[in-house]
Every structure is written in structure tokens, then in C-alpha cells.
Amino acid sequence: MTEIVAFGILSFTSFFTLINPFGTMPIFMTMTAELDVQHRTKTARKASIVSFITIVLFAFSGQLLFNFFGISVNSFRIVGGVIFFLMGMDMLQARLGKVKVKDSEVKSYVDDISITPLAIPMICGPGALTNAIVMMEDANSIEKKITLIITVFLVMLLTYIILYSSSKIIKILGQTGINVMMRLMGLIVMVIAVEFFFAGLKPIIIDIMK
């Protein structure tokens, strides 16, 4: 029982740290600033559900998919780094804040951003998906596998609550405050992107040099 509790705590802390919903919140706030509360809530809910399903699927079949398609985790990190860097550039120049959504386009816009970039790669990026594969390999019993799924669900629930609460933060900060936060987070996202990129590139270069 103690071993399962320890495994659950490790799973929860690792997923919450890697997913970092507080880091995703400024991007969510910016990209949904033109939406009303109902559609903003729907976006947060759908992004959380898609992320949960994706992480669970990768936990059970990620290694198999990687082997089948000949994809390495390092390649996944490099692609994630490029996506993060481009997103950070847009945030740094406050481009995301200029998104205007027509009433007729709201539904398709919500569907688009809730899957990409919010669910993938912002919420369940290379780190979270890789962690899901590794933790599932370490889960050597049914109890641990169930514990892993429960912890992922709890992290996704917390992520939804945090994103849902961003509606109140938008009212407090206003557009100027959002733009300032977006530029600051843009710098951080770009730094994370560089770390992701070189973390994936370094092992590949070492393999080539051998």
C-alpha cells in the first residue's frame, strides 16, 4: 500500500510539474480573450479532456507507436522545441492578442485551439507524453496502472480549474495586463523551447559522432 501511495505521489508531482497549467494559463487567457465566458469554459474543458485521453493513450501505446513509426523521444523533443519557439516569438510580439473571432467562426475557433496548441503541445507536450510512457513501464501491477490513470485525471482536473479561473484574471488584468504578461511568458516559453530543442538534439549528435 505504501509503495502504491509513493508511486501515486511521484506520478502526480511529475505530471503537474511537466504540464505546468500555470504556465499554460497566460497563453489560454490571450487566445480566448475575444471569447465569452461560456466559450472560454468550453475551450478549457475540451483541451483538458483531449489532453487526458492523449496522455492515457500514450501511456498504454506510446512506446509501441514510437517503435512502429521509428520515432525517437529526442525527435519529439526537437519538434516540440520548434513549436514552442515559434509560439514564444508570437507571444513576444503580442501577435496572439490580435486574434479577432467573428461570431460565425467562434465554434470552429474553439475546436481548433482547444486541440492545437492548447491540448497539444502546451498541456501534453513531449515531457508529459514521455513521462506517461516511462511511468506506465514502471507500473508493474494493476493497482499502479489504475493509480497512474487516477493521478493523470486529477492533474487534468486541476488544469481545467486553473484555466477556468483565468476568466476572472482577464477581468482584473485587462488587455494591457494580458499583453505585458504575454510578452514576459513569451521569453520564458522561448527559453523552454531552446532547452527542449537541445535536449533532443544533443543525444542525436552524440549517436552520429559514434
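Refer to the structure presented above.
> Report on a nonpolar patch on the surface, specifying residues and quantitative values.
A surface patch of nonpolar side chains, about 720 Å² in accessible area, is lined by Ile142, Ile146, Ile150, Phe153, Leu154, Leu157, Leu158 and Ile161. Tracing the chain through its elements places Leu157 in helix α7 (residues 142-209).

> Help me get a handle on the nonpolar core, residues and values and all.
Residues Phe15, Ile19, Ile27, Ile55, Met91 and Met156 are the most contacted members of the largest nonpolar core, which totals 43 residues. Setting aside chain neighbours within four positions, we find Ile27 in contact with Met87, Met91, Met122 and Val189.

> Tell me about the pattern of salt bridges, and please be specific about residues and values.
Applying the stated criterion to the full structure yields one salt bridge. Across the pair Lys144 and Glu3 runs a salt bridge, and its minimum N-O distance is 2.7 Å. Of this pair, Lys144 sits in helix α7 while Glu3 sits in helix α1 (residues 2-19); the two residues are 141 residues apart in sequence, bridging distant segments of the chain. The exposure class of Glu3 is exposed, given its relative accessible area of 53%.

> Break down the packing of α1 against helix α6 (residues 126-138) for me, with residues and values.
Where α1 meets α6, the axes come as close as 9 Å, and the angle between the chain directions of the two elements is 165°. On the basis of the axis angle, α1 is roughly antiparallel to α6. Between α1 and α6 lies a crossing of right-handed hand. Side by side, α1 and α6 meet where Phe7, Leu10, Ser11, Ser14, Phe15, Leu18 and Ile19 of the first sit next to Gly127, Ala128, Asn131, Ala132, Met135 and Asp138 of the second. Taken together, the residues of the contact of α1 with α6 sort by class into eight nonpolar, four polar and one charged.

> Pulling in residues and values, what's your account of the layout of surface pockets?
Considering only enclosed or pocket space, the largest pocket measures out at about 280 Å³ in volume. Looking at the lining of the largest pocket, the elements with two or more residues in it are α1, α2 (21-31), α5 (106-123), α6 and α7. Broken down by element, the residue count for the lining of the largest pocket peaks at five residues, all from α7. Here the lining of the largest pocket is built from residues that sort into 13 nonpolar, six polar and no charged.

> How would you summarise the packing of aromatic side chains if you had to cite specific residues and measurements?
Applying the stated criterion across every chain yields a total of five aromatic pairs. Their ring planes at 10° and their centres at 6.0 Å tell us that Phe12 and Phe16 sit as a pair that is stacked. Of this pair, Phe12 and Phe16 both sit in helix α1, four residues apart, which is roughly one turn of the helix. For Phe12, a relative accessible area of 27% translates into the label partly exposed. Seen from their ring centres, Phe197 and Phe198 are 5.4 Å apart, and the 85° between their planes marks the pair as edge-to-face. Its relative accessible area of 27% is what places Phe197 among the partly exposed residues. The exposure class assigned to Phe198 is partly exposed, which follows from its relative accessible area of 49%.

About the thresholds
- Starting from 1, residues in each chain are numbered consecutively following that chain's sequence as written.
- Where totals are concerned, whole chains, interfaces and linings use all residues; where local detail is concerned, this predicted model gives features only for residues with pLDDT of at least 70, and gives and counts side-chain atom pairs only at 80 or more.
- To obtain the side-chain values, all non-hydrogen atoms of the structure were included, while hydrogens and water were left out.
- Only residues above 30% relative accessible area that lack a salt bridge enter a patch, with like-charged residues linked at up to 9 Å and the nonpolar side chains Val, Leu, Ile, Met, Phe, Trp and Tyr linked at up to 5 Å.
- Residue burial considers only the protein chains on display, and all accessible areas are found by Shrake-Rupley using a 1.4 Å probe.
- Definition used for salt bridges: Asp or Glu carboxyl oxygen within 4 Å of a side-chain nitrogen of Lys or Arg.
- For the purposes of this entry, the term helix denotes a DSSP run of H or I that reaches at least four residues, the term strand denotes a run of E that reaches at least two, and both are numbered from the N terminus.
- To qualify as a nonpolar core, a set must consist of buried Ala, Val, Leu, Ile, Met, Phe, Trp, Tyr and Cys residues joined through side-chain atoms within 4.5 Å.
- The classification of residues rests on relative accessible area computed with a 1.4 Å probe and restricted to protein chains. Under 20% of the type maximum is buried, over 50% is exposed, and intermediate values are partly exposed.
- Note on contacts: a residue pair qualifies if any of its non-hydrogen atoms lie within 4.5 Å across the two residues.
- Each axis is a line fitted through C-alpha atoms, and for a helix only the stretch in contact is used; angles between axes span 0 to 180 degrees, taken between their N-to-C directions.
- For this classification, under 35 degrees means roughly parallel, over 145 means roughly antiparallel, 65 to 115 means roughly perpendicular, and everything else is oblique.
- For any helix crossing, the convention is left-handed if the near helix is rotated counterclockwise from the far helix by under a right angle, and right-handed if that rotation is clockwise.
- Classification used: nonpolar for Ala, Val, Leu, Ile, Met, Phe, Trp, Tyr, Cys and Pro, charged for Asp, Glu, Lys and Arg, polar for all others including Gly.
- The rule is simple: put a 1 Å grid over the protein atoms alone, call a set of points where a 1.4 Å probe fits but cannot get out a cavity, call an open set with protein on both sides within 12 Å along at least five of seven lines a pocket, and count a residue as lining if it has an atom within 4 Å of a point.
- Grid points are joined across faces, edges and corners, and a volume is the space filled by probe spheres set on the points.
- Whether two aromatic rings pair depends on their centres lying within 6.5 Å, for rings of Phe, Tyr and Trp, where Trp uses its six-membered ring; planes under 30 degrees apart make the pair stacked, over 60 edge-to-face, and the rest tilted.

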